[in-house]
Structure formats: structure tokens, C-alpha cells
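# Survey of secondary and tertiary structure
Next come the chains, spelled out residue by residue.
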Amino acid sequence: MSLEYFEGPAGSGKTYNLVQSLQRVLLERPLQEGEAVLGITYLHGSRRRMHVTLGKVAAVQGKFHASTIDSLVRLIVCRWRSLGKEIDPNLNVGSETPDFKKMCEVGAALLQKAQVGQWLAKRYPVVLVDELQDCQGDRLQVIKAIESRSHMIAAADEFQDLTTTGTNEAVEWLHNTNGKQTVLTGNRRTTQQVLLQAADQLRARCDCGDTLASRLTSAKNAN
């Protein structure tokens, strides 16, 4: 339906702006009976933080579900397992050690089907995605399928992708959409100039050793 996203370094206020944007959306179009906000992240730590954050947003009224992308995909595949079997006859949703790569492949294909995509969008008309740079491959295909039917608000930072030195797939997708982009700068987590200078040097792929040299201390090895 529509997409808006925020880019910026750690501490620049991406999560804060996600929440502010969500509040504006819900002010214009409040949640109806049976609807909720869906929050998606890649890691459980981010998912826990999003759960706490959404719980404090009055406009959400407690109607939200914070989930990792893998947990969401497993929920979708289990809900539509018969249809999933048509996509992959060898799909095993009851495994104690699920193949999440395969799950995401099937989940992305399921969400591209009208009845599945509409089912999810009817329940979650607004979707927040934090740390989007971590969603790649079939996980990103899941995000794309959800974005095609729900209003999505996302946050990403290509620099925080630790899996590749090239272009981040998710950020590249954002740049190729017609979504509303907001680029954030600065750091609101500290006023320590040494740390801020070192962070800027790291993002510029420069050596920060000279900046930190006077602040480094040695410590005995724990062993």
C-alpha cells in the first residue's frame, strides 16, 4: 500500500521516529475492531525492545504483536500448511529443528497469494520493521509481500549489516521504491566527543586508533 522509512546511524533516533510516524498514521486512521499493529525485527533482542516500545504507545491501545521475521513466517506457514504443501510437498512444519530458510521461501510464496496476503493485511494494516538491513534473501521477499498490502514504516542502517561488505540488499530495495525517505544524522545516546568522533571515523571506514589512543586502558585477562 505505502512505505516510509528512516535511515541513519545508531543513536540517530530511528526507533523514536518509527513511533512518531506510527502515532501520526493511527491518528489519521485508528485501528478498527480486530486490527492490530505488527512489529517485525530479525533478532529477539530487537523484538523484545519493540514489544516494550509498542506497549507504551497510547494510540496502539495494546493491540500489537511484536515478532521476529522467522517466528512470523512459521506462524503463517503453519496457518496455511495445506497451501504450503502445494508449494513444497516436503514441507515439515512440525520439525523440532525447522529449516527457516525453507520456511521463509514458502512463506514468501504464500504471502504473494491473494487470500494469504489479504488475511494478514486485514489483521495488521500497519506494520513496523526495525533493523531492516538484517532481512535479506527470502526474508526480504516476505517483507516485500507484506509491504504490498499494508502500510509499512521501516528503519535501516546499511552500516550495521555485518554479513557483507557490499551493498545491502534491503537498503537497496528501499532506495528503489517510491517510499518516503527520511535520513537521520547525529547521535543522541552520548555527548562524549571522543566516542562520537571515533564512530564517525568508523562509518567513514577510517582508522579511529589515534582518536581512542588516549582513552584506551589495559586490563588483565580473565584467565
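Description of the structure in this document. (Residues numbered from 1 in each chain as written. Predicted model: local features only at pLDDT ≥ 70, side-chain atom pairs only at ≥ 80, totals over all residues. Heavy atoms only, no water.)

## Examining the packing of helix H5 (residues 100-111) against helix H7 (residues 138-147)
Heads up, the condition is: Each axis is a line fitted through C-alpha atoms, and for a helix only the stretch in contact is used; angles between axes span 0 to 180 degrees, taken between their N-to-C directions. Helix and strand definitions here come from DSSP, where helices need a minimum of 4 consecutive H or I residues and strands a minimum of 2 consecutive E residues; each element is numbered from the N-terminal end. Should an angle lie under 35 degrees it is considered roughly parallel, over 145 roughly antiparallel, and from 65 to 115 roughly perpendicular; all remaining angles are considered oblique. Should the near helix be turned anticlockwise from the far one by less than a right angle, the crossing is termed left-handed; should it be turned clockwise, right-handed. The contact criterion used is simple: two residues touch if any of their non-hydrogen atoms lie within 4.5 Å. When residue character is reported, Ala, Val, Leu, Ile, Met, Phe, Trp, Tyr, Cys and Pro are called nonpolar, Asp, Glu, Lys and Arg charged, and the others, Gly included, polar.
Contact geometry for H5 and H7: axes closest at 8 Å, N-to-C directions at 25°. With respect to each other, H5 and H7 are oriented roughly parallel. By crossing handedness, the relation of H5 to H7 is classed as left-handed. Taking contact as the criterion, the partners of Phe100, Lys101, Cys104, Glu105, Gly107, Ala108 and Leu111 in H5 are, on H7, Asp138, Arg139, Gln141, Val142, Ala145 and Ile146. Among the residues making up the contact of H5 with H7, the classes are represented as seven nonpolar, two polar and four charged.

## Comments concerning the sheet that holds strand S6 (residues 180-183)
Operational definition: Two strands form a pair only when DSSP identifies at least two bridges running between them.
Strand order in the open sheet formed by six strands is S3-S2-S4-S5-S1-S6, with parallel pairing between adjacent strands. Among the strands making up the open sheet, the edge pair consists of strand S3 (64-68) and S6. Direction aside, the axes of adjacent strands within the sheet are offset by 15° on average. In this structure, strand S2 (residues 37-41) lies alongside strand S4 (residues 126-129), joined through four bridges in parallel fashion. Along S4, the bridge assignment pairs Val37 with Val126. Across the sheet, helix H3 (residues 69-79) touches S2 and S3, and the angle it forms with S3 is around 105°. Strands strand S1 (2-7), S2, S4 and strand S5 (151-156) of the sheet are contacted by H7, whose axis makes an angle of about 145° with S5.

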